[in-house]
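# Understanding the architecture of this molecule
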Amino acid sequence: MGPAWLTRAGGRGIVGRMSGDETRDGVSLTNLDGPLFDGAGATKRDLVDYLDAVHERILPALRGRALSVMRVRPGQPPFMQKNVPKYTPSFVRTVTMWAEASRREVTYAVCDDRRTLLWFANQRAVEYHPALVRDHHATHLVLDLDPPEENAWELAVQVAWLVRRALDDAGLAGAVKTSGAKGLHIFVPVEEGVAAEDLAAATRALAARAERVDPALATTAFIREDREGKVFVDSTRAGGATVVAAYSPRIRPGVPVSFPVPWEDLPHVSPGDHTVHTAARLLGDRDPWAELMPPPQRLPADLIEQGHTIPVARVQAMHEGKRRARARREQ
């Protein structure tokens, strides 16, 4: 359990380890010794300690971005929090943005520092989903690999290599991380100033090219029943979308963590290797997400041009769903 008292870096807070309540960096932390959620195999203290240990690694992914979090309360199902609650302390920076999905303005938190991260941890915010834009500029193209339930990890790894081949053919490079669930996220940093519609188009084109390399393994079918046991290469994480941050825990048994992996190591790891109990120790003093991330790149014109000829997956799925519903009614 460690020493009875620990002084955090810089003397910013004394941590009392003899009770369920503590103070760090001026943030009151309460009920730390209770279970985090049913089946977590971890306490709230484990969450706080982990996020505090990796705060210098996770904050660069959160800083300056509108943040949505997944929270858990005892006896309640997890919920996504976008709007900051009324009791949010004044030291938490906020930004108000238009949310297209809900057709309203939302006041998001912006997690810029350790103090804010600790406050979120005390609120039982387990998952951290920052926007893919910072200061109204897109920073990354993202492909989300969503495998079926059976042979999930092995299939996701195989399709990750298809995506890497599509990236290589386009003259692009990306970094890969576990999603913290059963899939993978591939991030491609882009030069500032790319138009949102062009970024979305390039994402669709890369997904289509990966699918074309091996259509027996990969699919861009947005409707789940059309995927036929293949890995869905999701190209919809563009514009105002969010993706769980590198090093963020997930609300799953064992509390796994979204973790960066070198391409060559993908066949040798599994999602269960990285949890709130193991990830900080595995990191040591390193920040592999920063180390593995290529510099920002210009998107090729032909990739963007191809993408503009591909229908937006969500819109196409919506129209197809209506068509199928009509057909069923007519039958």
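Residues numbered from 1 in each chain as written. Predicted model: local features only at pLDDT ≥ 70, side-chain atom pairs only at ≥ 80, totals over all residues. Heavy atoms only, no water.

In the annotation of an unreviewed UniProt entry, the entry for the protein chain reads ATP-dependent DNA ligase, and the organism field reads Sphaerisporangium melleum.

### Considerations on the overall build of the protein chain
Looking only at helices and strands, the protein chain features 9 helices and 17 strands. Considering the protein chain as a whole, with its 331 residues, one finds that 52% of them fall into the buried category. Considering only contacts within the protein chain whose residues lie at least 6 apart along the sequence, 69% involve residues at least 24 apart. (Helix = DSSP H or I, 4+ residues; strand = E, 2+ residues; numbered from the N terminus. Buried < 20%, exposed > 50% of the residue type's maximum accessible area, 1.4 Å probe, protein only. Contact = heavy atoms within 4.5 Å.)

### Structural notes on the confidence of the model for the protein chain
As a general rule, the predicted coordinates of low-pLDDT regions are not to be interpreted in detail. In the predicted model, the protein chain carries a mean pLDDT of 90, and the fraction of residues at 70 or more is 88%. Between residues 1-18, whose pLDDT stays under 50, and residues either more than four places distant or in other chains, the model counts 38 contacts. (pLDDT = per-residue confidence, 0-100.)

### Quick word on the environment of Ala-42
Mapping Ala-42 onto the fold places it in the loop between β4 (27-29) and α1 (44-53). It is 8.2 Å that separates the C-alpha atoms of Ala-42 and His-277, two residues lying 235 residues apart in sequence. When neighbours within four sequence positions are excluded, Ala-42 is seen to be in contact with Pro-35, Leu-36, Val-255, Val-276 and His-277.

### Points about the pattern of salt bridges
As enumerated under the stated definition, the model contains 18 salt bridges in all. Between Asp-33 and Arg-45 there is a salt bridge, and its shortest N-O distance comes to 2.9 Å. A residue pair is termed long-range when its members are at least 10 positions apart, and Asp-33 in the loop between β4 and α1 and Arg-45 in helix α1 qualify at 12 residues. You can call Asp-33 partly exposed: its relative accessible area is 45%. Residue Arg-45 is classed as buried on the basis of its relative accessible area, which comes to 6%. A salt bridge links Arg-286 to Glu-291; the shortest N-O distance between them is 2.7 Å. (Salt bridge = Lys/Arg side-chain N within 4 Å of Asp/Glu carboxyl O.)

### Overview of the pairing of strand β9 (residues 125-130)
Of all 6 residues making up β9, 6 are buried, and the element is well covered by its neighbours. Bridge count for strand β5 (residues 67-71) against β9 is 5 bridges, and the pairing is antiparallel. If you follow Arg-71 over to β9, its bridge partner there is Ala-125. (Pairing = 2+ DSSP bridges.)

### A short note on unusual backbone geometry
Non-glycine residue Asp-135 carries a positive phi angle of around 55°. What makes Asp-135 exposed here is its relative accessible area of 58%. Its identity is not glycine, yet Asn-151 carries a phi of approximately 55°, on the positive side.

### Let's talk about the side chain of Gln-81
Considering the arrangement of structural elements, one finds Gln-81 in strand β6 (residues 79-81). The buried category is assigned to Gln-81, whose relative accessible area is 10%. Discounting chain neighbours no more than four positions away, the residues touching Gln-81 are Leu-67, Ser-68, Val-69, Arg-71 and Phe-120.

### Remarks on the environment of Arg-73
Relative to the assigned elements, Arg-73 resides in the loop between β5 and β6. Here Arg-73 falls in the partly exposed class, since its relative accessible area comes to 34%. Discounting residues that sit within four places of it in the chain, Arg-73 has contacts with Phe-79, Tyr-87 and Arg-124.

### Notes on helix α2 (residues 55-62)
Listed in full, the buried residues belonging to α2 are His-55, Arg-57, Ile-58, Leu-59 and Leu-62. Turning to α2, the residues buried within the fold contact α1, β5, α3 (114-122), β9 and α6 (279-283). Gly-64 lies just past α2 and shows a positive phi near 75°.

### As for the nonpolar core
Among the nonpolar cores identified, the biggest contains 47 residues, and Tyr-50, Leu-51, Leu-62, Leu-117, Phe-120, Tyr-128 and Val-255 are the most heavily contacted of them. Taken together, the elements giving at least two residues each to this core come down to β4, α1, α2, β5, α3, β9 and α6. Ranked by residue count, the leading element in this core is α3, at 5 residues. Leave out the neighbours within four places in its chain, and Leu-117 touches Leu-51, His-55, Ile-58, Leu-59, Leu-62, Cys-111 and Tyr-128. Ranked by size, the runner-up nonpolar core spans 44 residues in total, among them Ala-156, Leu-167, Leu-206 and Ile-304. (Core = buried A, V, L, I, M, F, W, Y, C linked by side-chain atoms within 4.5 Å.)

### Regarding the environment of Val-106
Positionally, Val-106 belongs in strand β8 (residues 104-110). Sequence separation between Val-106 and Ala-66 is 40 residues, and the spatial gap between their C-alpha atoms is 9.7 Å. Those residues in contact with Val-106, other than ones at most four positions away along the chain, are Lys-82, Asn-83, Val-95, Thr-96, Met-97 and Ala-99.

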